Amino acid sequence: MKQITSSQNPFIKSLVQLQEKAKARKQSGTFLIEGMREIELAVKGNYEVETVLFLPELVTPQQITKLTNNQIERIEISKEVYQKLAYRDTTEGILAVAKTKSLQLSDLKLPENPLILVMEALEKPGNIGAVLRTCDAAKVDAVIIANPKTDLYNPNIVRSSVGCLFTNQIATGTNEEVIDFLIGNNINFYSATLQNSTSYHTQNYTTPTALVVGTEATGLTQLWREKATQNIIIPMQGEIDSMNVSVAAAILIFEAKRQRGF
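For every chain, the first residue of the written sequence is number 1, and numbering continues from 1 onward in sequence order. At least 70 in pLDDT is required for a residue's local features to be given in this predicted model, at least 80 for side-chain atom pairs to be given and counted, and no such filter applies to totals for whole chains, interfaces and linings, which use all residues. Values shown for side chains rest on all heavy atoms present in the structure; no hydrogens or waters enter the calculation.

(A) Highlighting helix α3 (residues 36-44). All of the buried residues in α3 are Glu38, Ile39, Leu41 and Ala42. All buried residues of α3 lie within an arc of 160° about the axis, which places them on one face of the element. Away from its buried face by more than 90 degrees, α3 exposes Arg37 and Lys44. Should any heavy atoms of two residues lie within 4.5 Å, those residues are considered in contact. Here a strand is any run of E in DSSP of at least two residues, a helix any run of H or I of at least four, and the numbering for each starts at the N terminus. Turning to α3, the residues buried within the fold contact β2 (30-34), α4 (61-67) and β5 (94-99). Two residues or fewer after α3 comes Asn46, characterised by a positive phi angle close to 65°. Each residue's exposure class comes from its accessible area (1.4 Å probe, protein chains only) as a fraction of the maximum for that residue type: buried when under 20%, exposed when over 50%, partly exposed otherwise. In this context, the arc is that of the directions from the helix axis out to the C-beta atoms.

(B) Focus on the sheet that holds strand β3 (residues 49-54). Only strands joined by at least two bridges in the DSSP assignment are considered to pair. Pairing in this open sheet of 5 strands is mixed, and the strands run β1-β4-β3-β5-β2 from one edge to the other. A single partner strand is all that each edge strand has here, and the edge strands are β1 (2-4) and β2. With strand direction ignored, the average angle separating the axes of adjacent strands in the sheet is 25°. Taken together, the 4 bridges between β3 and strand β4 (residues 73-77) define a ladder with parallel strand orientation. Residue pairing across strands places Leu53 opposite Ile75, the latter belonging to β4. Packing against the sheet, helix α1 (residues 10-20) makes contact with β1, β2, β3, β4 and β5, and its axis sits at approximately 85° to β2. Only C-alpha atoms enter the line fits that serve as axes; for helices the fit covers just the stretch in contact. Angles between N-to-C directions range over 0 to 180 degrees.

(C) Seen up close, α1. All of the buried residues in α1 are Ile12, Leu15, Val16, Leu18 and Gln19. In a view along the axis of α1, the buried residues occupy a sector of 155°, so they form one face of it. The exposed residues of α1 that point more than 90 degrees off its buried face are Pro10 and Glu20. We define a polar contact as two N or O atoms separated by no more than 3.5 Å, with the added condition that, inside protein, one atom must be a possible hydrogen donor and the other a possible acceptor, whereas residues neighbouring each other in sequence contribute only through side-chain atom pairs. Put simply, Asn9 is the residue that caps the front of α1, since its side-chain oxygen is 2.8 Å from the backbone nitrogen of Phe11.

Structure (structure tokens):
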């Protein structure tokens, strides 16, 4: 079994670039996954794992075999190397190099009556990860990121989603492409916005539905407000007129699930 003990090793240096730079992830078509549970979910989500790196004092070859399979390259690494690559403060002792997936709208496989969550132009990885956790909890049929501002394989999205990046069916596209996709598939979409809105709970989400949320700071762009089946709002009784996008998404998604009898 291969061993790497120096953080100056060229392969390790290339992995550091994967952690730090979206350009490196895009050029190589690979990214790093940290943590046993996250790797397990990635494998379950049909992500192709190329290499597993592990601390032998914390992870055994048998655990790796149960996690993946015998065909995957395994590399024992030193604590110095692990600390160079690890993104978290906690130590699980295992990382994996995996291939990114196509995120084309045309790759989405939807049921007859889908429930979709659309995020427009979210930038903060922590917010994206939190929304993905909600979407996993509600088992939505797809998540679409319109006009993406952040690389989906950013390590903070992997971390904040607790691996739910791998459990959701995800696609990206421009605002125009996503709207055309929804209209072309006869999916009603409801834009969460302050302007020209009606209370979210008055709408019917039992037919093919997409719920659309934007950033807390600027909200949805005009195109989403104009093209929506209906603009919706979550009534608030305090002094502020907005809430964190992951909280808003959760309220809307679980109202739709309630209406659908789940």
